[in-house]
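# Structure assessment
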Amino acid sequence: MFMPSAAEIYRIKETYERFNQRMEMFCRSIWDQEFAETLRVPNYVKALLGRAVEQIQSKRPGHGLREMALCWASWTIAAMDDMAQGWRSGNDGLFNWRPLGASTGGHSGEPLWAYSEVEREEIKDPGLNSINIKKIAVKMGATVAGVASLDRRWVYSHWWSRYTQRSGRVLFSDETREDLPLLTELEDGRRVIPSSMRYVIVLGFERGYEEISTSPDSVAGLGTGMGYSMMAFTAPTLAEYIRNLGYNAIPAGNDTGLSVPMAVDAGLGQLGRNGLLVHPEYGPRLALAKVITDMPLEPDGPIDFGLTEFCEACDICAKNCPSRAISFGERSFEGPTVSNNPGALKWYLDAEKCMRFWTELGEDCSNCLRSCPFNVPPGKGFRLSRWLIRQTPLFNGVLKNMVENSSHIMKKTSAWFYGEE
Ligand code: SF4
Ligand code: SF4
């Protein structure tokens, strides 16, 4: 069955421009003083950590030392300064765009094919290669993986680092007439991707149902932190495997491009009202990473399980959003803040409101994951409802009313998570 690409699903306007990472909310919390001063402390991480300490000291139920310790520990790998921070601004540490060469004599920088002085691996069957690369991604720690043709519209126009506050253009080699070094950072900050890198492998990491069920308690942060720590493990490992075979690979977390439309193109799910990718089995509980490559692959293509129509009849995530950041209205072509990139038909999130709430909480919130009817316990039912949603939108209103007060999306306590009730 023919399925339109993410750009066609979002009805991308001709005026649409690639997103500048500098405009992303976490970056703005550092350089945009007007916005930063609306936070408790004008720096996202400092505001978050300061509030976390207050919560621990006040022993607020659900936000005490035991819960906060779990949430913050889960970021251990993802937050390692020298190694894994690259998932935020790209081309750094484990997320370097060049081979790490860690397996060939201690960071020699040489991938195995070059070190062994052989030709690179010839890929005769891209379809079979796609099946294998997804299998290997899962073996390396991803929950799910999909392959897409890389749509450059989802690649950032510029990168911006909230640590160094450096920035630069992200270019493809055929966008410039200069003969520039590829896959490295030039003095003026430009990073040039070979135009041969036409595929992206999108990786999804499940945030656990149990921990997300406690949101907005701090235990829910375990799901998010582990998602990011796992992507810091898996995406660079998969990239290094591809390089060892003789192909280029850019591992990326939140850096380098927009993960959600890439995941839609890779058939991992659809975009929900909550601004998240919703997967048919894991719902909105996937953290996303990607590996851009020139290794020959066969794209999977988008899927449609009736989510857009269901979201039109459903507003549960909007009702459960403590900051009112999620729209109750129709899809539109522009959003409420300068962090929204206009020109795509979708539900836009007010990330300013969302971030202010996170800094009041002392960690991230997952209410829009927990309350979504597509968030179901692993291996559990709703198969009939899902089948119905896929076939026709006629019963969406009734189904939404049935699910709205059901126990699987109701908030659970931290004590429930620890098996104490
Ligand atoms: S994370 Fe929480 S505050 Fe932010 S949009 Fe989701 S529900 Fe709202
Ligand atoms: S809660 Fe409802 S409206 Fe929100 S993303 Fe899930 S299905 Fe869509």
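Per chain, the residues get numbers from 1 upward, laid out in the order the sequence is written. All chains are assigned letters beginning at A, and all ligands numbers beginning at 1, according to the order in which they are written. The model is predicted, so local features are restricted to residues of pLDDT at least 70 and side-chain atom pairs to those at 80 or more, both for listing and for counting; the totals for chains, interfaces and linings are taken over all residues.

Lining the immediate environment of ligand 2, one finds 14 residues, of which G272, C311, C314, C317 and C372 sit closest. Secondary structure elements follow DSSP: runs of H or I of four or more residues count as helices, runs of E of two or more count as strands, with numbering from the N terminus. Every element with two or more residues in the shell around ligand 2 is listed here: α12 (307-313) and α13 (316-319). Broken down by class, the residue content of the shell around ligand 2 amounts to 9 nonpolar, 3 polar and 2 charged. Here, nearness means that the C-beta atom of a residue, built from backbone geometry, sits within 6 Å of the molecule or strand in question. Note on residue classes: Ala, Val, Leu, Ile, Met, Phe, Trp, Tyr, Cys and Pro are nonpolar, Asp, Glu, Lys and Arg are charged, and everything else, Gly too, is polar.

Here, any two strands with at least 2 DSSP bridges between them count as paired. The strand order across the open sheet built from 4 strands is β1-β5-β9-β6, with neighbouring strands paired in antiparallel fashion. The open sheet terminates on both sides in strands that have one partner only, identified here as β1 (144-149) and β6 (249-252). Adjacent strand axes in the sheet meet at a mean angle of 20° when their direction is disregarded. Bridge analysis of β1 against strand β5 (residues 199-206) gives 6 bridges, and the strand direction is antiparallel. By the bridge assignment, A145 is partnered in β5 with L203. Contact between two residues is assigned when their C-beta atoms, built from the backbone, lie within 7 Å. Think of each axis as a best-fit line through the C-alpha atoms, taken over the contacting stretch in the case of a helix, with angles from 0 to 180 degrees between the N-to-C directions. Its contacts with the sheet place helix α8 (residues 126-139) against β1 and β5, and it is angled at close to 140° to β1. Sheet strands in contact with helix α10 (residues 221-245) are β5, β6 and β9 (286-293), and its direction is about 15° off that of β9.

To continue, consider the site of ligand 1. If you check the shell around ligand 1, you find C321, P322, S323, A325, I326, L349, C354, F357, C365, N367 and C368 and nothing else. Looking at the shell around ligand 1, the elements with two or more residues in it are α14 (351-361) and α15 (367-370). Among the residues forming the shell around ligand 1, the class breakdown is 9 nonpolar, 2 polar and no charged.

Counting other C-beta atoms within 10 Å of each residue's C-beta, where C-beta atoms are placed from the backbone, gives the exposure class: buried for 20 or more, exposed for 12 or fewer, partly exposed between. Alternating positions in β6 separate into two faces, A249 and P251 on one and I250 and A252 on the other, with burial throughout. With 4 bridges joining them, β6 and β9 adopt antiparallel strand pairing. If you follow I250 over to β9, its bridge partner there is I292.

What follows covers the packing of helix α4 (residues 44-58) against α14. Interhelical geometry of α4 versus α14 gives an angle of 35° and a closest axis separation of 6 Å. Within the contact between the two elements, α4 uses Y44, A47, L48 and R51 and α14 uses M355, W358, T359, E360 and L361. Residues belonging to the contact of α4 with α14 are distributed by class as follows: 6 nonpolar, 1 polar and 2 charged.

It is worth spelling out the nonpolar core at this point. A set of buried residues qualifies as a nonpolar core if it consists of Ala, Val, Leu, Ile, Met, Phe, Trp, Tyr and Cys joined through C-beta atoms within 7 Å. Ranked by internal contacts, the top residues of the largest apolar core, which has 109 residues, are V200, I201, V202, L203, M231, L277 and V291. Among the elements that line this core, the one with the most residues is α10, at 11 residues. Apart from the residues lying within four places of it in its own chain, the contact partners of V291 are V200, I201, A235, L238, A239, I242, A249, I250 and P251.

Its 25 residues place the ends of α10 37 Å apart at the C-alpha level, agreeing with the 36 Å of an ideal helix rising 1.5 Å per residue. In terms of residue burial, α10 counts as a mostly covered element, since 22 of its 25 residues are buried. Downstream of α10 by one or two residues, G246 has phi in the positive range, about 110°. Multiplying 1.5 Å by the residue count of a helix minus one yields the expected span of that helix.

Further remarks concern unusual backbone geometry. Residue S215 is joined to P216 through a cis peptide bond whose omega torsion reads 10°. Here P216 lies in the loop between α9 (209-212) and α10. Phi angles above zero are rare outside glycine, and N91 is one such case at about 50°. Structurally, the position occupied by N91 is in the loop between α6 (86-89) and α7 (112-115). The exposure class of N91 is buried, given the 22 C-beta atoms found within 10 Å.

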